[in-house]
Structures are given as C-alpha cells and as structure tokens.
Amino acid sequence: MECVFGLVGNGFTIVVADTSAVHSILVHKSNEDKIMKLDSHKFIAASGEPGDRVQFTEYIQKNVALYQFRNGIPLTTAAAANFMRGELATALRKNPYSVNVLLAGYDKETGPSLYYIDYIATLHKVDKGAFGYGAYFSLSMMDRHYHSGMSVDEAIDLVDKCIVEIKSRLVVAPPNFVIKIVDKDGAREYAWRESVKDAHAPPS
Amino acid sequence: MARYDRAITVFSPDGHLFQVEYALEAVRKGNAAVGVRGTDVVVLGVEKKSTAKLQDSRSLRKIVSLDDHIALACAGLKADARVLINRARIECQSHRLTVEDPVTVEYITRYIAGLQQKYTQSGGVRPFGLSTLIVGFDPYTSVPSLYQTDPSGTFSAWKANATGRNSNSMREFLEKNYKETSGQETVKLAIRALLEVVESGGKNIEIATMTKEHGLHQLEEAEIDAIVAEIEAEKAAAEAAKKGPPKET
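These remarks concern the structure in this document. Remember, predicted model here, so these are calculated numbers, not experimental data. (Residues numbered from 1 in each chain as written. Chains lettered and ligands numbered in written order. Predicted model: local features only at pLDDT ≥ 70, side-chain atom pairs only at ≥ 80, totals over all residues. Heavy atoms only, no water.)

To continue, consider the overall build of chain B. If you tally the helices and strands in chain B, you get six helices and ten strands. Taking 18 Å as the expected radius of gyration for a compact globule of 249 residues, we find that chain B reaches 20 Å, a close match to that expectation. C-alpha atoms of chain B, sized along the principal axes, occupy 70 × 50 × 45 Å. Burial statistics for chain B: of 249 residues in total, 46% are counted as buried. Here chain B holds 32 positive side-chain charges and 33 negative ones, and the gap between their average locations is 5 Å. (Helix = DSSP H or I, 4+ residues; strand = E, 2+ residues; numbered from the N terminus. Rg over C-alpha atoms; globule rule 2.2 N^0.38 Å. Buried < 20%, exposed > 50% of the residue type's maximum accessible area, 1.4 Å probe, protein only. Lys, Arg positive; Asp, Glu negative; His and termini not counted. Charge placed at Lys NZ, Arg CZ, Asp CG, Glu CD.)

Following this line, the structure appears as structure tokens:
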C-alpha cells in the first residue's frame, strides 16, 4: 500500500511519499522517510521491499558521491537516472531489486526533471509519475489538474488533492506523507502531512 | 648489491629492501609538500613546479579531497598517486555504506599505508613511489589530524611535517618554529616553511586549508600572494629591528 508520486513545476520538482513501514498486518513505524537525498540537488523517492529499498538507494547514493570526488563535478540527473537503471538491469536476471524509484533533480543547464524507474529497469523521463496502489488515484488527479509550469503553491495544492484522494479511497491508506522539493537552491524537505503521530512512551 | 634490488620480495643480506629504498629516493625527487596542524585547522601546502605556458594549471590540482572531511597531498610519482587516491576514495564511500559513518583520518591513513605495504610484499610488483600527507577532522569530534605515509607502508601522526624535495630543511624549520597556532597563523607557518625551499610567489605554491565547518578550501593565487606579502613584511620588520635601534649598552 505504499504510495509515491511526483511532478515537475516551474523551476522545481516535487516528490511525495507515504511514511509507513509495514510488515504484513503490523505497522512498524509511521514516520519512515522513503525519500533519500542523493546529492545537493537530487532526491530518490523509493518504494518496494524495505530491505532492497534501503540497500539499493544507499548503494546508488555512495556511488554518486564517489563520482563527484573522482571528477570534481556532480552527476547530472539524467546520468544518475541512467546509472540507476543500469544497476537495476544488471541485477534483474540474477537477483533483482524489488524497488521502484522516482528520481527528482535539478540541473543548472536543463532545469528540473523527474525520472520514472521501475523494478524491471524501465526508465522514462516524465512530468508526473507515481508508484503503488496510490498511483491509481494520484495519477488520475494529476491528469485532471496538472499543467506545465505550475507554481509551488499550485503544485502543493495538487499534491494535497492527491493525498486526500488516497486517504479517502484506498482501503489501507497510509496516514502520513512527506513532501520534498528540489529547485535551484537545492534539495530540501518541504512539509509533512500527518494524521497519526507515533505514540510516545507513557511517562513513568 | 645488484642482485638484491631486482624482485622486491627479496631481502638483501644486510636487511634492506632496496626497492622500497629506491621508492623513497623517488619521493625525495618529488615536489615539496608540507602539512601543519593547528587547533582548529589543518593546512596543506605543495610546491608547484613552473607550469608550461600552454598548460592549464587548474587541471593539475595537487591537493585532493578524499571525502568531505579528508584531504591528501603527496610527493613522488603522480601516476602512482592517482591509483592510491582512487582506491582511498572508494574506501571512504565503502566505509560510509557498510557502517553508516564517515571514516576517521587514522582509518583511511591505515588503509592507504596498508595498500602501500601490500606492494612491498608481492611478487612482480613495485612499491608505490610516493609519500602522502593526509589531513582531516574525525567525524563527531573537532579534533584535527595530520598523518604521513611512505612507500614502505609505515604511517604516523604529526603536528607538522614535510616530504618531497628539501623536506629536511623544511622539517628543521618547522621543528624550530612550530607552536600551537590557529586559523591564519597556521596557514602562515605552512607557507613560511614552504618558502624556505621554494621561490616565493603565489604562482609557485598551492595551499589548502581544512576546517571542521567548511571542509577543504583551496586558496586562490591572490590570497596566497597576500599572505606571502605579509610574511615578507614581517621578515623585513624583524631584520630592521635586529639591525636598527641603537645598542643599549
């Protein structure tokens, strides 16, 4: 029931992910951050097998960092996307990663971008994308309301509409979401949308 | 001695590993490099042999970063340096991946020294012909560190050290003039040590500082020139003070 979606706006890309870590019928935690910072201007929003998700995204993150030290300049978003796709493709016929990824990035020369990379190494550059059961709802919502060159406020408004749809229409909807944004000033957390806060231990 | 310097796996009768010693010779022929540890900063300085007119000097960075908090300068065979630096960079990321912590300066120094040692005990390979000066701040502490490795694979920590050409003169100077410094004073000390053996001027030296907050900062030629000018002025003032005022007695 993981939901990850994102869209490209005017000079920025937004990615949203649910924050529940679930095992069968148990919710381990509802503040699990599934959007990893790849470097100063890139995010990977990943969904799938929890172990694979962390393993794969951390591996990509360290290799992207290594590239930057070796070459003195960071990878472009397109290069990072193709690198990720290549790793997924290589592992696919041996021991595949069950991870779907939305890569959001900002490059000085080419502006904001969003890449859809699924677990069997499909790669698409898109304006809007989504993974999981939530995709049925968020994609439809974005198809209806998205237009290119949206402002941050318009985009957040659309994101909130999508979250409302997911929460009201998905049978086991995740209660909390995190929203992150990448633009020329870098990759940073934008907001959380929480319905349920983790219960604190009772005072002894 | 000719029979004992061919394959490095062979000791000579009097206990030398000649290939390792020859590697140290290669280091002695390399460009001068100096490292000085302050209380809140570590400074690396390297001599820049005159660049050819048509060469893009920016492509010849001699002080490199291994990670956000670790930097390295070396003296000796630059091609060998590329190999070691590449392996060290990979190890820095690999360490972060496996234990989710950045390397400590000692860890990466031990790793590089271990690599250098491996090549003194294998068949058919020669040692790396370089000594490195490794600086950085350990994660979670604000303790600055300076380490040196050499072709034999030994390493140790230093308050200040020099390697490469005329390293003995520089080390003598440092031993005479070292004191606990911070910030700009540490930079000045490093530059003064380098100026002992290098023609003065920002064109001939490369300086970089490593601080906890800002990481590695390579100084611009103009910045270096400014500090060199300060040093010359201080030297001139000291000379004048020695000669100038009338004798008291």
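Residue and element names in this part refer to chain B. Tracing the backbone through its elements, the reader meets Ala81 in helix α2 (residues 78–99). C-alpha separation for the pair Ala81 and Phe128, spaced 47 residues apart in sequence, amounts to 7.8 Å. If we skip the residues at most four places from it in the chain, Ala81 touches Cys74 and Leu130. (Contact = heavy atoms within 4.5 Å.)

Before going further, it helps to examine the pattern of salt bridges. Within the structure shown, the criterion is met by 22 salt bridges over all chains. For the salt bridge of A:Asp33 with A:Lys180, the shortest nitrogen-to-oxygen distance reads 2.7 Å. Taken as a pair, A:Asp33 in the loop between β4 (26–29) and β5 (35–39) and A:Lys180 in strand β11 (residues 177–183) lie far apart in primary sequence, 147 residues in all. The class of A:Asp33 is partly exposed, set by a relative accessible area of 34%. Judged by its relative accessible area of 6%, A:Lys180 falls in the buried class. Residues B:Glu185 and B:Lys188 are paired through a salt bridge, measuring 3.6 Å at the closest nitrogen-oxygen approach. Note that B:Glu185 and B:Lys188 are positioned in helix α5 (residues 184–195) at a spacing of three residues, about one turn of the helix. Taking relative accessible area as the criterion, B:Glu185 reaches 40% and is therefore assigned partly exposed. The exposure class assigned to B:Lys188 is buried, which follows from its relative accessible area of 6%. The network of salt bridges with common partners includes B:Glu185, B:Lys188, B:Glu230 and B:Glu234. (Salt bridge = Lys/Arg side-chain N within 4 Å of Asp/Glu carboxyl O.)

Counting 39 residues, the largest nonpolar core has A:Phe5, A:Leu7, A:Ile14, A:Val15, A:Val16 and A:Val159 as the members making the most contacts within it. Elements supplying a minimum of two residues to this core: β1 (4–8), β2 (12–18), β6 (42–48), β7 (99–107), β10 (128–131), α3 (134–145), α4 (152–169) and β11 of chain A. Ranked by the residues each element gives to this core, the list is headed by α4(A), at seven residues. Counting 26 residues, the second-largest nonpolar core is a separate cluster that includes B:Phe173, B:Val187, B:Ile205 and B:Ile207. (Core = buried A, V, L, I, M, F, W, Y, C linked by side-chain atoms within 4.5 Å.)

Residue and element names in this part refer to chain B. Restricting attention to buried positions, one finds in helix α4 (residues 167–177) the residues Ser167, Met170, Phe173 and Leu174. For α4, the arc enclosing every buried residue in end-on projection is 125°, short of the 170-degree limit, so these residues lie on one face. When the buried face of α4 is taken as reference, the exposed residues oriented beyond 90 degrees from it are Asn168, Glu172, Glu175 and Lys176. (Arc of directions from axis to C-beta.)

Let's shift gears to the sheet that holds strand β6 (residues 144–149) of chain B. Whether parallel or antiparallel, the strands of a sheet pair through hydrogen bonds between backbone atoms. Residue and element names in this part refer to chain B. Taking strand neighbours across the sheet as the criterion, the five strands line up as β3-β4-β5-β6-β7 in an open arrangement whose pairing is antiparallel. The open sheet has two free edges, formed respectively by β3 (63–67) and β7 (155–157), since each of these has just one partner strand. When the angles between neighbouring strand axes are averaged without regard to direction, this sheet yields 25°. Sheet topology places strand β5 (residues 130–137) next to β6; six bridges connect them, and they run antiparallel. Residue pairing in the sheet places Gly136 in a bridge with Ser145 of β6. Lying over the sheet, α2 contacts β3, β4 (70–76) and β5, oriented at roughly 25° with respect to β3. (Pairing = 2+ DSSP bridges. Axes fitted to C-alpha atoms, helices over the stretch in contact; angles between N-to-C directions.)

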